[in-house]
Amino acid sequence: KAGVTQTPRYLIKTRGQQVTLSCSPISGHRSVSWYQQTPGQGLQFLFEYFSETQRNKGNFPGRFSGRQFSNSRSEMNVSTLELGDSALYLCASSLERTGGDEQYFGPGTRLTVT
Amino acid sequence: KQEVTQIPAALSVPEGENLVLNCSFTDSAIYNLQWFRQDPGKGLTSLLLIQSSQREQTSGRLNASLDKSSGRSTLYIAASQPGDSATYLCAGIGNQFYFGTGTSLTVIP
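All of the points below concern the structure found in this document. This structure is a prediction, so every number in the text was calculated from the model and none was measured.

**A closer look at the pairing of strand 4 (residues 31–38) of chain A**
All names here are of chain A.
- Buried residues dominate strand 4, accounting for 8 of its 8 residues.
- Side chains Ser31, Ser33, Tyr35 and Gln37 of strand 4 all project onto a buried face; the interleaved residues Val32, Trp34, Gln36 and Thr38 project onto the opposite face, where all are buried too.
- Two elements, strand 4 and strand 5 (residues 42–50), share 8 bridges in a ladder whose sense is antiparallel. Bridging from a neighbouring strand, Tyr35 pairs with Phe45 of strand 5.
- Hairpin remark: strand 4 followed by strand 5, antiparallel, with 3 residues in the connecting loop.
- In the sheet, strand 4 pairs with strand 9 (residues 87–94) via 7 bridges, with the strands oriented antiparallel. In the strand pairing of strand 9, Tyr35 is matched with Leu90.

**A few points about the interface of chain B and chain A**
- Across the boundary between the two partners, chain B contributes 19 residues, which contact 19 residues of chain A.
- The junction of chain B with chain A conceals about 1,500 Å² of combined surface from both sides, 52% of it contributed by carbon and sulfur atoms.
- In this structure, the connection of chain B to chain A is made through 0 salt bridges.
- Our count for the contact surface shared by chain B and chain A stands at 3 residue pairs in polar contact (both at pLDDT 80 or more).
- Counting only elements with at least two residues in the side of chain B that touches chain A, the list comes to strand 4 (32–38), strand 5 (44–50), strand 9 (86–93) and strand 10 (97–99) of chain B.
- Split into classes, the residues belonging to the side of chain B that touches chain A amount to 8 nonpolar, 10 polar and 1 charged.

The rules behind these values
- Residues numbered from 1 in each chain as written.
- Chains lettered and ligands numbered in written order.
- Predicted model: local features only at pLDDT ≥ 70, side-chain atom pairs only at ≥ 80, totals over all residues.
- Heavy atoms only, no water.
- Buried < 20%, exposed > 50% of the residue type's maximum accessible area, 1.4 Å probe, protein only.
- Helix = DSSP H or I, 4+ residues; strand = E, 2+ residues; numbered from the N terminus.
- Pairing = 2+ DSSP bridges.
- Contact = heavy atoms within 4.5 Å.
- Buried area = accessible area lost by both parts, 1.4 Å probe.
- Salt bridge = Lys/Arg side-chain N within 4 Å of Asp/Glu carboxyl O.
- Polar contact = N/O pair within 3.5 Å; in protein donor to acceptor, adjacent residues only side chain to side chain.
- Nonpolar A, V, L, I, M, F, W, Y, C, P; charged D, E, K, R; others polar.

Remember that the coordinates give geometry; whether it matters functionally is a separate question.
Right under this line is the structure:
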């Protein structure tokens, strides 16, 4: 069974631009969560989607948004990029609900904002 | 707000040693706890998930325990190998995952 895939793996953007990252969960998994990882803040929860609905949201500004499609694939979007948005963005999928089921992570997208 | 602390932040041991990584959380309102490893520049690999009804889980040379009353979890690695070198993260699971800052482990051949 294929694991969680994320595209692109690496991305370089300029301040003020916007970016869209994609995540394909493990087949059959309906929950997708997104995280931001930086050296200073560690892993921080962005949001979780389940059955195309945002179920939970972390403490990030509105520039960070996401969505989930009917096939459970998810995208996250960051608008008006700032230098501080440079990070590794990880998505994770689980069968039904975050916490109730084991979570499996993708390899991440490394975003660099210049 | 849930805070998850991992001690030590870094650890260097000779190959073959048994070691213990610690994870503590401030809010006992978590119901599961999951341990991960992360290799440099990579995503997270799930090691063990301890559900609220369990007190420990074992997989090969790894054993993880959870004591919700004291807000602590430990990951025990037996007979460490150089391939175990990685950052180990624990995550308390409530309505979301709350990650610790990790323990960077180096196993010296």
